[in-house]
Amino acid sequence: MIFYRQGRFSIGTEMKEKEWTYAKAGVDIDRKSQAISALVGHLKYRRSGKGKMIDLPGQFTGLIDMGDHILTLATDGVGTKLLVAEALNKWDTMGIDCMAMNVNDTICVGAEPIAFVDYIAIDEPRPEITDQIGKGLNVAAEMANVDLVGGEVAVLPEMVKGVDLSGTALGLLEKDKMVTGAEIEEGDVIIGMLSSGVHSNGMTLARKVLSSAGVSLHDEVDGLDGSVGLELLTPTCIYVRDVLKVVDAVKVTGMVDVTGGGLKNFVRLKKGFEYRITDPIAPQPIFQAIQRIGGVTDHEMYKTFNMGMGYGIVLRPEGVEEALSILKGKAEVVGKVVKGSGCGIPRLKVHYDTY
């Protein structure tokens, strides 16, 4: 049940009128995977000569062989978080989200992001919006130590209603330092880096759950600081500098950007092992609010949202203490690698075998 009092929503414990899922909200992850497979099935051509791709399934970024070095390419957008920005007329963090979605994928193989291009599709020229997006991009570029080398603003009144924002990051990596997951072994430890909240994934489900219960983005819900909309607009963490320090200091065997698909992203790592999350990070209040208002199951929550863990690092046990020292309160030991398959949280009876 949800109680409204003096401009604030209080969530009761019996809100089970409808069990929301990401698919019911309009985003069917399984259908999305089928659509991707249908596209990728045709992409069979391979370049000849220097600069050929390195085909390693499950990676979070594209890999280009340049001899002793590897270039990486990652591309992504902000998604329906832009609709929250539009509702609140607050665009200054959108550039941070766009950069984060790409550079956090880039570092999953140990690459350092070095350059970025953005793409804005908009229904009409609106300098007041692009001005705020530009400010966010510049802040993010400093956070990730990346050059913004170009971009595109496309005015498409017949195709776009509002704004869409995406980008592409270029990374650089010495080949012999690449982290692919191939060296993961039983007994490795999993460290989870804290997220700042919802980040930029699962936003469609979050919005639909709240709106179906009559909660607007301007309303406040018990347990949150400020309005629901401002909570959802909290920018995605950029993990670049911290993660690269850890990679330089200790033996890291695998890394995961916990974005779309939630914990299922761990399934993309080396097969033959279970990535067992024995001590999950406590989800922030916004996740608790979404789950209780929408009657969303644990299984659905952990495959849709980051649930407090925005990035995962798999490493040798002897490197854990030093890694946590480098991360200075930004991460926790959340689990371990055991023989088996998939990823899950035993105490919540949550488990995923496929991505």
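Residues numbered from 1 in each chain as written. Predicted model: local features only at pLDDT ≥ 70, side-chain atom pairs only at ≥ 80, totals over all residues. Heavy atoms only, no water.

## Side note on helix H5 (residues 203-212)
- The buried fraction of H5 is high, at seven of ten residues.
- Along H5, the positions that sit buried rather than exposed are Met 203, Thr 204, Leu 205, Ala 206, Arg 207, Val 209 and Leu 210.
- Taken together, the buried residues of H5 touch helix H2 (81-88), helix H6 (228-232), helix H8 (285-294) and helix H9 (298-304).
- Positive backbone phi, approximately 80°, marks Gly 214, located one or two places after H5. (Buried < 20%, exposed > 50% of the residue type's maximum accessible area, 1.4 Å probe, protein only. Helix = DSSP H or I, 4+ residues; strand = E, 2+ residues; numbered from the N terminus. Contact = heavy atoms within 4.5 Å.)

## Quick word on the sheet that holds strand E4 (residues 69-77)
- Pairing in this open sheet of five strands is mixed, and the strands run E3-E4-E7-E5-E6 from one edge to the other. Single-partner strands in this sheet number two, and they are strand E3 (62-66) and strand E6 (147-155). Within the sheet, the average angular offset between the axes of one strand and its neighbour, ignoring direction, is 15°.
- Relative to strand E7 (residues 163-174), strand E5 (residues 112-122) is paired through ten bridges, and the arrangement is antiparallel. By the bridge assignment, Phe 116 is partnered in E7 with Ala 169. (Pairing = 2+ DSSP bridges. Axes fitted to C-alpha atoms, helices over the stretch in contact; angles between N-to-C directions.)

## Some thoughts on a nonpolar patch on the surface
- A contiguous nonpolar patch, built from Ile 36, Leu 39, Val 40 and Leu 43 and spanning about 370 Å² of accessible area, is present on the exposed surface.
- Residue position: Ile 36 is located in helix H1 (residues 29-40).
- The class for Ile 36 is partly exposed, based on a relative accessible area of 43%. (Patch = residues over 30% accessible without salt bridge, like charges linked within 9 Å, V, L, I, M, F, W, Y side chains within 5 Å. Areas by Shrake-Rupley, 256 points an atom, 1.4 Å probe, with all protein chains shown as cover. Salt bridge = Lys/Arg side-chain N within 4 Å of Asp/Glu carboxyl O.)

## Here's the deal with the nonpolar core
- Among the nonpolar cores identified, the biggest contains 96 residues, and Leu 232, Phe 266 and Ile 313 are the most heavily contacted of them.
- Discounting residues that sit within four places of it in the chain, Phe 266 has contacts with Ile 190, Val 256, Val 258, Tyr 275, Met 309, Gly 312 and Cys 343.
- Formed by seven residues, the second largest nonpolar core is a distinct cluster that contains Ile 54, Leu 63, Leu 173 and Met 178. (Core = buried A, V, L, I, M, F, W, Y, C linked by side-chain atoms within 4.5 Å.)

## A short note on the layout of surface pockets
- Considered as a void within the structure, the second largest pocket measures approximately 430 Å³ in volume.
- Forming the walls of the second largest pocket are 23 residues, and the residues nearest its centre are Gly 110, Leu 173, Lys 177, Val 247 and Asp 248.
- Broken down by secondary-structure element, the contributors of at least two residues to the lining of the second largest pocket are E5, E7, helix H7 (240-249) and strand E10 (252-257).
- Here the lining of the second largest pocket is composed, by residue class, of eleven nonpolar, five polar and seven charged. (1 Å grid on protein atoms, 1.4 Å probe; cavity = no way out; pocket = protein on both sides within 12 Å on 5 of 7 lines; lining within 4 Å. Points joined across faces, edges and corners; volume = space filled by probe spheres on them. Nonpolar A, V, L, I, M, F, W, Y, C, P; charged D, E, K, R; others polar.)

## Observations regarding the sheet that holds strand E12 (residues 309-315)
- Ordered in space as E10-E12-E8-E13-E11-E14-E15, the seven strands form an open sheet in which the pairing is mixed. A strand with exactly one partner marks an edge of an open sheet, and here the two such strands are E10 and strand E15 (350-352). Each neighbouring strand pair of the sheet contributes to a mean axis angle of 25°, computed without reference to strand direction.
- As judged from the two bridges shared by strand E11 (residues 273-277) and strand E14 (residues 343-345), these two strands associate in the parallel manner. Along E14, the bridge assignment pairs Tyr 275 with Cys 343.
- Where H7 meets the sheet, its contacts fall on strand E8 (189-194), E10 and E12, and the angle it forms with E10 comes to roughly 165°.
- On top of the sheet, helix H10 (residues 320-327) reaches E8, E12 and strand E13 (331-339); it is set at about 5° to E8, its chief contact.

## What about the side chain of Asp 242?
- Its place among the elements puts Asp 242 in helix H7.
- Assessed through its relative accessible area of 14%, Asp 242 is described here as buried.
- Separated by 2.9 Å, the side chains of Asp 242 and Lys 330 make a polar contact.
- Those residues in contact with Asp 242 that lie beyond four places of it in its chain are Met 193, Ile 326, Leu 327 and Lys 330. (Polar contact = N/O pair within 3.5 Å; in protein donor to acceptor, adjacent residues only side chain to side chain.)

Any functional reading would require information beyond the geometric quantities listed.
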